[in-house]
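Here are the chains, one letter per residue:
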Amino acid sequence: MGGPLLPCSVAPLTGFFRDGCCNTGPEDRGLHVVCVEITADFLAFSQSQGNDLMTPIAEIGFAGLKPGDRWCVCAARWEEARRAGAAPPVLLEATHVAALEVCGLADLRAHAVDPP
């Protein structure tokens, strides 16, 4: 939104770089830049698309997500979820501007939980 990128979550620790922010770089092929508040609908949708975000993976220190957690999700997955009616709420101030490469600003604002 033109200002500094605010943290998305440190508990659970999120971000492609696991720095708590939805930062991105050339190595982030999934473009993990949309900060969301996880919902049960989104978890079910993501699982149906082959990405189970609920099941813990101890080997990588992933405890699994639950509704209410904040997480940096792939812009394309968020857009797919939006089209399917399962998009979780977005924290605009913690969403990287690179999200606009995939998602429409009006759509992100329509799902915002923070002021535009």
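Anyway, here's the lowdown on the structure attached to this text. (Residues numbered from 1 in each chain as written. Predicted model: local features only at pLDDT ≥ 70, side-chain atom pairs only at ≥ 80, totals over all residues. Heavy atoms only, no water.)

Points about the overall build of the protein chain
Step number 1: Scanning the protein chain from N- to C-terminus turns up three helices and two strands.
Step number 2: For the protein chain, the sequential pattern of α-helices and β-strands runs β-α-β-α-α.
Step number 3: Against the globule reference of 13 Å for 116 residues, the protein chain gives a C-alpha radius of gyration of 13 Å, in line with a compact fold.
Step number 4: For the protein chain, the spread of C-alpha atoms along the principal axes amounts to about 35 × 30 × 25 Å.
Step number 5: Looking at the 116 residues of the protein chain, the share that counts as buried comes to 38%.
Step number 6: Taking as baseline every contact in the protein chain between residues at least 6 positions apart, the subset at least 24 positions apart corresponds to 63%.
Step number 7: For the protein chain, the accessible surface area stands at approximately 6100 Å², while carbon and sulfur atoms represent 56% of it. (Helix = DSSP H or I, 4+ residues; strand = E, 2+ residues; numbered from the N terminus. Rg over C-alpha atoms; globule rule 2.2 N^0.38 Å. Buried < 20%, exposed > 50% of the residue type's maximum accessible area, 1.4 Å probe, protein only. Contact = heavy atoms within 4.5 Å. Areas by Shrake-Rupley, 256 points an atom, 1.4 Å probe, with all protein chains shown as cover.)

Some points on the environment of Phe 45
Step number 1: Mapped onto the elements, Phe 45 comes out in helix H1 (residues 40-48).
Step number 2: On the basis of relative accessibility, which here comes to 13%, the residue Phe 45 falls in the buried class.
Step number 3: Along the chain, Phe 45 and Arg 77 lie 32 residues apart, while their C-alpha atoms are 9.4 Å from each other.
Step number 4: What Phe 45 contacts, discounting residues up to four positions off in sequence, is Arg 77, Glu 80, Ala 81, Ala 84 and Ala 86.

Looking at H1
Step number 1: Listed as buried for H1 are Phe 42, Leu 43, Phe 45 and Ser 46. Seen along its axis, H1 keeps its buried residues to an arc of 165°; they face one direction. Exposed residues lying more than 90 degrees from the buried face of H1 are Asp 41 and Ser 48. (Arc of directions from axis to C-beta.)

Some details on the state of the cysteines
Step number 1: If you walk through the whole model with that rule in mind, you get two disulfides.
Step number 2: Each bonded cysteine in the protein chain gets a number by its place in the sequence, and the pairs come out as 1-3, 2-4.
Step number 3: Take Cys 74: it sits in no disulfide, and the sulfur closest to it among the cysteines is that of Cys 72, at 10 Å.
Step number 4: As a non-bridged cysteine, Cys 103 has Cys 74 as the owner of its nearest cysteine sulfur, 10 Å distant. (Disulfide = S-S within 2.5 Å.)

Section: the pattern of salt bridges
Step number 1: Applying the stated criterion to the full structure yields five salt bridges.
Step number 2: The salt bridge partner of Arg 82 is Asp 107, with a shortest N-O separation of 3.4 Å. Linking Arg 82 in helix H2 (residues 75-83) with Asp 107 in helix H3 (residues 105-110), this pair joins segments that are 25 residues apart in sequence.
Step number 3: Arg 82 gets classed as partly exposed once you look at its relative accessible area, which sits at 24%.
Step number 4: Since its relative accessible area comes to 25%, Asp 107 is described here as partly exposed.
Step number 5: Taken together, the salt bridges that share partners define one network made up of Glu 79, Arg 82, Arg 83 and Asp 107. (Salt bridge = Lys/Arg side-chain N within 4 Å of Asp/Glu carboxyl O.)

These figures come from the coordinates and say nothing about function on their own.
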